[in-house]
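# Overview (structure and organization)
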Amino acid sequence: MWTYSFEIPILMILGIILLFYYSRPRLPIRRNHTFIMMVVTETVTIVADLLATIADNDHREWNPVILDLLNMFYFAAFFMRAFVMYRFAASVLKDRFEKNLFFKHLIRLPFYLGVVFSVLSALFGSEKHHYFLYYVDSSGYHSGTLYNLLYVAGFFYIFMALLSLYLFWRCLGRRREKYGILLYNLIIFVSLIIRLTLPKYLIMDTFVLMAILVVYLAFENPEFFLDLRGYAFNRIALSEHLEENNKSLKLRPLGIVIHSFNEMRDIYGGPQMEEGLAVIAKYLRQHIKKGIVFYCRNGHFIVLVTPDTDLESIRKQVADRFMQPWRSRNAEIYLTVGFAEFEYLKSVSSPDIALNSMIKALDMVGMSYDREPLKITKDFLIRAEKEFRIRQYIEKAIDDSGFELYLQPIVDAKSGRVIGAEALSRVRDDEGKIILPGEFIPVAENSGRINELGELVFDNTCRFIKEKGLDNLGIEWINVNLSPAQFLRIDLADRFASIAKSHGVDPSNVHLEITEGALIDDSFFQRQIKALTDKGFMFVLDDYGTGYSNLARLKRCPFINIKIDMSIVWGYCTEPDAILPRMIQAFKDTGFTITAEGIEDEKMAETMKKLGCDYLQGYHFSKPVAAEAFSGTVSEIRKMQC
Ligand code: C2E
Ligand code: MG
Ligand code: MG
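Residues numbered from 1 in each chain as written. Chains lettered and ligands numbered in written order. Predicted model: local features only at pLDDT ≥ 70, side-chain atom pairs only at ≥ 80, totals over all residues. Heavy atoms only, no water.

## Side note on the site of ligand 1
Around ligand 1, the structure places 24 residues, and the nearest of them are Glu422, Ser425, Asp542, Glu600 and Tyr619. Within the backbone of Ser483, an N or O atom sits 3.4 Å from a nitrogen atom of ligand 1. One of the side-chain N or O atoms of Asp543 is found 3.0 Å from an oxygen atom in ligand 1. Considered on its own, ligand 1 offers 790 Å² of accessible surface; in the complex 85% of this is hidden by protein. Here ligand 1 occupies the largest pocket. Of all elements in the fold, only β13 (418-428), α14 (437-446), β15 (477-482), β17 (538-544) and α21 (566-574) reach the threshold of two or more residues within the shell around ligand 1. A total of four residues in the shell around ligand 1 trace back to one element, the largest contributor, which is β13. Among the residues making up the shell around ligand 1, the classes are represented as 10 nonpolar, seven polar and seven charged. (Near = heavy atom within 4 Å. Polar contact = N/O pair within 3.5 Å; in protein donor to acceptor, adjacent residues only side chain to side chain. Areas by Shrake-Rupley, 256 points an atom, 1.4 Å probe, with all protein chains shown as cover. 1 Å grid on protein atoms, 1.4 Å probe; cavity = no way out; pocket = protein on both sides within 12 Å on 5 of 7 lines; lining within 4 Å. Sits in = over half its atoms within 2 Å of the grid points. Helix = DSSP H or I, 4+ residues; strand = E, 2+ residues; numbered from the N terminus. Nonpolar A, V, L, I, M, F, W, Y, C, P; charged D, E, K, R; others polar.)

Following this line, the structure appears as structure tokens:
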């Protein structure tokens, strides 16, 4: 006699899980469909098990064909459940394991075999033909020779789930998800072991219920994907959706952006704005038929609509609605919106890039009050993709200290000897090609990693000075560029001083080049300058002529040298004027030394020398060279002068 009363509460708990699951909006993605399959298959398995057990307990009263069929359903559902449990892990891991078609079919084989044998058992199983999964005769149900195929399939799918988790562990960002997959598979593993060793204890379904609960809590709680009181999906949901549908994006994204969102939030206050956003999300959900509404913070909505949707009429309808205030319980807010349309999203190579370019485009819309929608062109996406790749290279370079130090000689105008150098950093892409700072410095500034980058360059320069010795190279100092964003770091002086000290380098040997951008906040600038000067650092003003600083302001800064930007130098050399000579004279009278940048030929060198420039830098003497090649370059320039 089998007992089965415990199956009833399990069915009830499964019902509660489904109830909660369906009470909130759900995203139409593979893993969610698989979760439903998981719960349904478990329910079918339990019901088939229950009915088969009831019939078997009283087999004389039941038609053997029905008994056969019930068992067939039970066995088929058992195999299906094992497969679906594996499929859940596979869909979370975006089917990376099943990219290979051969593997894909191989993995399905135990499931197909199980179903085929379940049917064959029902059709042909008997005491004589007992080599199937089971058979039913006049004395009721009996296990067949191949019964253990259940365990083989069960263990196989756990193994496959764990193997794919191991192989693609790094692809999962969230710990909750990594350990969720591990835990639910271990639970099923234990249940199979107990079923195998202690067949009298019918606790497999209780364990499967535990596994389903783990899946629900770790992955499927709809709240993970919701924002604005459940009226919109969040950014995680959008990235999941894009990741799954990027290649065949059937839905078209429409960006709806609240203008000057941060300022508006300051005016209305955070809670009131949140309320208002929820009302807006509700409106968008109700009025954009078949659209999926996502909210990506900062007043950015993205609605995925079907290709046949008339975007223009939606835009008009939404813009009209924004002419009225948004009212909720305790909020009445007036906002204006802009729109972005994405035509070519399919052409980007990864969902991360698609998401990043969308956010970037929405940022642009948020700052402009243009009535026309911003159409995202292919060029925009190509630029966004490039930027994204550069960000990856920078991150890799920061993590592996992969910045290369290049040095460009600076020549004393009178003697022609190399007197100093400028440190310029380089990063390489995957193919080993050099990326220039003009491309990666702005990306590092935007992504907030410029401080780490700057410290690495400074550290590399100090190490170079320590290893080679300035005296041995015949130079007096090396300039290091400092970005304005770096200059905002409050402990900059301490950090740089301690790096210099750790290499035994005198801070006065490393001149810090700053641009006029760092001068914006005068009082903060003066404080930073003082802190760095106290530690012994000296300053050079870079790219003079491209910003807005005036002589009065410069006088208050302890620059030892001013570098005239190459655009000014080139301008003067092609079309001489009276301004540059007077400017240089004024600087010299004030006590600054002058460097002319971008000297590309002998004539330019002569012209700048005549104007009174103290130092010259440019391709005429040498392009920036890898640090190892620097001493060779210095010798070559020396020979050239002789
Ligand atoms: P910069 O500080 O004005 O550096 C001079 C730039 O002009 C260098 O470009 C150099 O290769 C280039 N250059 C020098 N002489 C000539 C010439 O005769 N003709 C031409 N056409 N170009 C010349 P690079 O290395 O591409 O650096 C560009 C800018 O990126 C630098 O301008 C600097 O502002 C920034 N940068 C470079 N390395 C770093 C760094 O480690 N940290 C920071 N914050 N900025 C850096
Ligand atoms: Mg510079
Ligand atoms: Mg410069």
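## Some words on the packing of aromatic side chains
Under the definition given, this model contains 34 aromatic pairs. Between the aromatic rings of Phe83 and Tyr86, the centroid separation amounts to 6.4 Å while the plane-to-plane angle is 40°, which identifies the pairing as tilted. Here the residue Phe83 and the residue Tyr86 both occupy positions in helix α3 (residues 64-92), the gap between them amounting to three residues, near one helical turn. Note on Phe83: relative accessible area 9%, which makes it buried. Arranged with centres 6.4 Å apart and planes meeting at 75°, the rings of Phe464 and Phe630 form a pair that is edge-to-face. Of this pair, Phe464 sits in helix α15 (residues 450-468) while Phe630 is found in helix α24 (residues 630-641), placing the two residues 166 residues apart along the sequence. (Phe/Tyr/Trp six-rings, centres within 6.5 Å; stacked < 30°, edge-to-face > 60°. Buried < 20%, exposed > 50% of the residue type's maximum accessible area, 1.4 Å probe, protein only.)

## Considering the environment of Leu284
For Leu284, the location among the structural elements is in helix α10 (residues 270-287). Each C-alpha atom, one on Leu284 and one on Asn330, is 20 Å from the other, the two residues being 46 residues apart in sequence. Apart from residues lying up to four places away in sequence, Leu284 is in contact with Ile256, Val293, Phe301 and Val318. (Contact = heavy atoms within 4.5 Å.)

## Topic: the coordination of the magnesium ion (ligand 3)
Distances from the magnesium ion (ligand 3) to its protein donors, namely Asp542 (OD), Asp543 (OD), Glu597 (OE) and Glu597 (OE), fall within the range 2.0 to 2.7 Å. Counting along the primary sequence, the residues that act as donors to the magnesium ion (ligand 3) give the motif D-D-x53-E. The metal-metal distance between the magnesium ion (ligand 3) and the magnesium ion (ligand 2) is 3.9 Å, with Asp542 serving as a donor to both. In this pair, Asp543 is assigned in strand β17 and Glu597 in the loop between β19 (593-596) and α23 (602-610), connecting sequence segments 54 residues apart. On the accessibility criterion, Asp543 (22% relative accessible area) is partly exposed. Judged by relative accessible area, which is 6%, Glu597 ranks as buried. (Donors = N, O, S within 2.8 Å, 3.2 Å for Na, K, Ca; no water.)

## Quick word on the pattern of salt bridges
This model, assessed by the stated rule, comprises 37 salt bridges. Taking the shortest distance from any N to any O, the salt bridge between Arg463 and Asp459 comes out at 2.8 Å. Here Arg463 pairs with Asp459, and both are found in helix α15, just four residues apart, close to one helical turn. Residue classification places Arg463 among the partly exposed positions, given a relative accessible area of 34%. Where Asp494 meets Lys535, a salt bridge forms, and the shortest distance between an N and an O atom there is 3.3 Å. You can see Asp494 sitting in helix α18 (residues 492-502) and its partner Lys535 sitting in the loop between α19 (522-534) and β17, a full 41 residues away along the chain. For Asp494, a relative accessible area of 46% translates into the label partly exposed. (Salt bridge = Lys/Arg side-chain N within 4 Å of Asp/Glu carboxyl O.)

## Quick notes on the nonpolar core
Membership of the largest hydrophobic core comes to 78 residues, with the highest contact counts inside it found for Phe458, Phe487, Phe559, Met608 and Phe630. Broken down by element, the residue count for this core peaks at eight residues, all from α15. The residues contacting Phe487, other than those within four sequence positions of it, are Leu482, Leu492, Ile514, Ala518, Phe524, Phe525, Gln528, Ile529, Leu532 and Phe539. Of all hydrophobic cores here, the second largest spans 66 residues; its members include Ala55, Met72, Leu133 and Tyr141. (Core = buried A, V, L, I, M, F, W, Y, C linked by side-chain atoms within 4.5 Å.)

## Quick word on empty space enclosed by the protein
Counting across every chain of the model gives three cavities of 30 Å³ or more. Space inside the largest cavity adds up to approximately 120 Å³. Around the largest cavity sit 13 residues that line it, and Arg81, Ala82, Met85, Gly154 and Ile188 are the ones nearest its centre. At five residues, α3 tops the list of elements feeding residues into the lining of the largest cavity. For the lining of the largest cavity, the per-class residue count stands at 10 nonpolar, two polar and one charged. (Points joined across faces, edges and corners; volume = space filled by probe spheres on them.)

## Describing the coordination of the magnesium ion (ligand 2)
Taken together, Glu422 (OE), Asn481 (OD1), Glu513 (OE) and Asp542 (OD) make up the full set of protein donors to the magnesium ion (ligand 2), lying 2.0 to 2.2 Å away. Positions of the donor residues of the magnesium ion (ligand 2) along the chain correspond to the pattern E-x58-N-x31-E-x28-D. Residue class for Glu513 comes out buried when judged on its relative accessible area of 1%.

## Some details on the packing of helix α1 (residues 7-22) against helix α7 (residues 204-220)
Following both chains from N to C, one finds α1 and α7 inclined at 15°, their axes separated by 10 Å at the closest point. Between α1 and α7, the interaxial angle falls into the category roughly parallel. Handedness of the α1/α7 crossing: left-handed. Packed against α1, whose contacting residues are Glu7, Ile10, Ile13, Leu14, Ile17, Phe20 and Tyr21, the element α7 presents Asp205, Thr206, Leu209, Ile212, Leu213, Tyr216 and Glu220 at the interface. Tallied by class, the residues present in the contact of α1 with α7 amount to 10 nonpolar, one polar and three charged. (Axes fitted to C-alpha atoms, helices over the stretch in contact; angles between N-to-C directions. Parallel < 35°, antiparallel > 145°, perpendicular 65-115°, else oblique. Left-handed = near helix turned anticlockwise from the far one by under 90°.)

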